[in-house]
Amino acid sequence: MGKAYAFVNQKGGVGKTTSAINLGAYLAEAGKSVLLVDFDSQGNLSSGIGVQTVKPGIYELISGQAPIGETVRKTAIPGLSVIPAGIDLSGAAVELIGEEERDFFLKKVLAPVRKKYDYILIDCPPSLGVLTLNGMAAADAVLIPMQCEYFALEGLTLLMDTIKMIKKGLNPPLTIAGIFFTMYDSRTLLAQDVVKEVSAYFKDRVFTTIIPRNVRLAEAPSRGQAISLYDPHCGGAKAYQSLAREVIQRG
Ligand SMILES: Nc1ncnc2c1ncn2[C@@H]1O[C@H](COP(=O)(O)OP(=O)(O)OP(=O)(O)O)[C@@H](O)[C@H]1O
Ligand SMILES: [Mg+2]
């Protein structure tokens, strides 16, 4: 059975979506079968990987209006598929609140395809609300992208507490696959300090690969392309390729 990872960080704009797309692309390029799950009503992952029509997508899937087969799209990259999301997913978040099994909807709908993919990558929204809880309940492990700034450290403490809570209740086997740094600018002392401090505390749970700030990574989604197609030789591409290698090695 493959592994399901949730990209989680309640802080917005830290690189969750960019990382899900590009890690997914390089895992697929390494011969793995990969399913990206857009679980954010912003739909950034969907547009970023070039999906034009988001219906039927994850909302129709979790609300029982469409079978999973109808929601999965192929992408331009062989081996990389995606279940898209759109703004209607924010409605689902509200509808779910009242349900008894509200934290297990995603887990339930993904169960039939768990064997089909080597990796399922779930892109969560920037909050610790019901969608992110569903993401962590459905996953084997969390991947935490982190921007190298001071407030990121405070956010990380809150996130770790939440993960502990999830392990006690919703999903005891959940593990932390790792923390990795994004949008790193080696010229700033603060970035170096944050990397040092987080690495000293979380030790081998921090990935060796650091994703640099790289304008090509920010441009690629406007073309609906992963960086492996948009500019495979840029620094950002090499970094995500290296992250994919690390994820495969760590198992
Ligand atoms: N390494 C990078 N270098 C430069 N720009 C980047 C990098 N990674 C991400 N970006 C850009 O930063 C912005 C935020 O990235 P992204 O959307 O991946 O974050 P996010 O955590 O998914 O955000 P949200 O919390 O809103 O879902 C985007 O405009 C993206 O293109
Ligand atoms: Mg995002």
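Details of the structure are given in the entry above.
Parameters at a glance
- Residues numbered from 1 in each chain as written.
- Chains lettered and ligands numbered in written order.
- Predicted model: local features only at pLDDT ≥ 70, side-chain atom pairs only at ≥ 80, totals over all residues.
- Heavy atoms only, no water.
- Helix = DSSP H or I, 4+ residues; strand = E, 2+ residues; numbered from the N terminus.
- Contact = heavy atoms within 4.5 Å.
- Areas by Shrake-Rupley, 256 points an atom, 1.4 Å probe, with all protein chains shown as cover.
- Lys, Arg positive; Asp, Glu negative; His and termini not counted.
- Charge placed at Lys NZ, Arg CZ, Asp CG, Glu CD.
- Pairing = 2+ DSSP bridges.
- Core = buried A, V, L, I, M, F, W, Y, C linked by side-chain atoms within 4.5 Å.
- Buried < 20%, exposed > 50% of the residue type's maximum accessible area, 1.4 Å probe, protein only.
- Near = heavy atom within 4 Å.
- Polar contact = N/O pair within 3.5 Å; in protein donor to acceptor, adjacent residues only side chain to side chain.
- 1 Å grid on protein atoms, 1.4 Å probe; cavity = no way out; pocket = protein on both sides within 12 Å on 5 of 7 lines; lining within 4 Å.
- Sits in = over half its atoms within 2 Å of the grid points.
- Nonpolar A, V, L, I, M, F, W, Y, C, P; charged D, E, K, R; others polar.
- Right-handed = clockwise from strand over helix to strand, strands pointing away.
- Arc of directions from axis to C-beta.
- Points joined across faces, edges and corners; volume = space filled by probe spheres on them.

Asker: So what's going on with the overall build of the protein chain? Residues and values would help.
Answerer: Helix and strand counts for the protein chain come out as 12 helices and 8 strands. Projecting the C-alpha coordinates of the protein chain onto the three principal axes gives extents of approximately 50 × 40 × 30 Å. For the protein chain, long-range pairs separated by at least 24 residues make up 76% of all intrachain contacts whose partners lie at least 6 apart in sequence. Summing over all exposed atoms, the protein chain offers an accessible surface of approximately 11200 Å²; the carbon and sulfur share of this is 55%. In the protein chain, the 26 positive side-chain charges and the 24 negative ones have mean positions that sit 6 Å from each other.

Asker: Describe in detail the sheet that holds strand β1 (residues 3-7), supporting the description with residues and values.
Answerer: The 8 strands are arranged β3-β4-β2-β5-β1-β6-β7-β8 in an open sheet whose pairing can be described as mixed. Looking along the sheet, the strands with just one partner apiece sit at the ends: β3 (73-74) and β8 (206-212). Looking at chain direction, strand β2 (residues 34-38) and strand β5 (residues 119-123) are connected through 5 bridges and run parallel. Looking at β5, one finds that Val-37 is bridged to Ile-122.

Asker: Can you break down the nonpolar core residue by residue, with the values?
Answerer: The biggest cluster of nonpolar side chains holds 54 residues, and the ones touching the most others in it are Leu-110, Ile-122 and Val-198. No other element matches helix α8 (residues 150-168), which puts 7 residues into this core. With residues near it in sequence (within four places) discarded, Leu-110 still touches Leu-35, Val-37, Ile-68, Ile-83, Ile-120 and Ile-122. Core analysis: the next-biggest nonpolar cluster, separate from the first, contains 37 residues, Leu-36, Leu-45, Leu-143 and Ile-211 among them.

Asker: Before we move on, can you summarise the site of ligand 1 with the specific residues and values?
Answerer: Around ligand 1 sit 18 residues in total, of which Lys-16, Thr-17, Thr-18, Pro-212 and Asn-214 are the nearest. Take Gly-13: an N or O atom from its main chain is 3.0 Å from an oxygen atom of ligand 1. Within the backbone of Asn-214, a nitrogen or oxygen atom sits 2.8 Å from a nitrogen atom of ligand 1. Look at ligand 1: alone it shows 620 Å² of surface, and the protein chains cover 81% of it. Of all the cavities here, the one that holds ligand 1 is the largest pocket. Of all the secondary structure elements, the ones that give two or more residues to the shell around ligand 1 are α1 (16-29), β8 and α10 (215-219). Of the residues contributing to the shell around ligand 1, the split by class is 7 nonpolar, 7 polar and 4 charged.

Asker: Requested: an account of the pairing of β8, with residues and values cited.
Answerer: Direction of pairing for strand β7 (residues 175-184) relative to β8: parallel, over a ladder of 3 bridges. The residue of β8 that forms the bridge with Ile-179 is Val-206. In the classification by handedness, the crossover that spans β7, the intervening helix α9 (residues 189-202) and the parallel β8 is right-handed.

Asker: Outline the environment of Lys-108, supporting the account with residue identities and numerical values.
Answerer: The topology assignment puts Lys-108 in helix α6 (residues 105-110). When its relative accessible area of 54% is taken as the criterion, Lys-108 is described as exposed. Separated by 16 residues in the primary sequence, Lys-108 and Cys-124 have C-alpha atoms spaced 17 Å apart.

Asker: Go over helix α5 (residues 88-97) with me, naming the residues and quoting the values.
Answerer: All of the buried residues in α5 are Leu-89, Ala-92, Ala-93 and Leu-96. For α5, the angular spread of buried residues about the axis comes to 105°, placing them on one side. Structurally, α5 contributes buried residues whose contacts are with α3 (58-62), α6 and α7 (130-138).

Asker: Got a sec to walk through the pairing of β2? Specific residues and values, please.
Answerer: Counting buried residues along β2, 5 of its 5 residues qualify, which places the element largely inside the surrounding structure. By the alternation rule, side chains of β2 split into Val-34, Leu-36 and Asp-38 and Leu-35 and Val-37, which are all buried. Pairing geometry for β2 and strand β4 (residues 80-83), over 4 bridges, is parallel. If you follow Val-37 over to β4, its bridge partner there is Ile-83.

Asker: Before we move on, could you go through empty space enclosed by the protein and cite the residues and values that matter?
Answerer: With the rule as written, the count across this model stands at 1 cavity of 30 Å³ or more. Quantified by volume, the largest cavity comes out at close to 40 Å³. Forming the walls of the largest cavity are Thr-18, Ile-21, Asn-22, Gly-48, Leu-217, Ala-220, Pro-221, Gln-225 and Ile-227. With 3 residues, α1 is the largest single contributor of residues to the lining of the largest cavity. Residues that form the lining of the largest cavity fall into these classes: 5 nonpolar, 4 polar and no charged.

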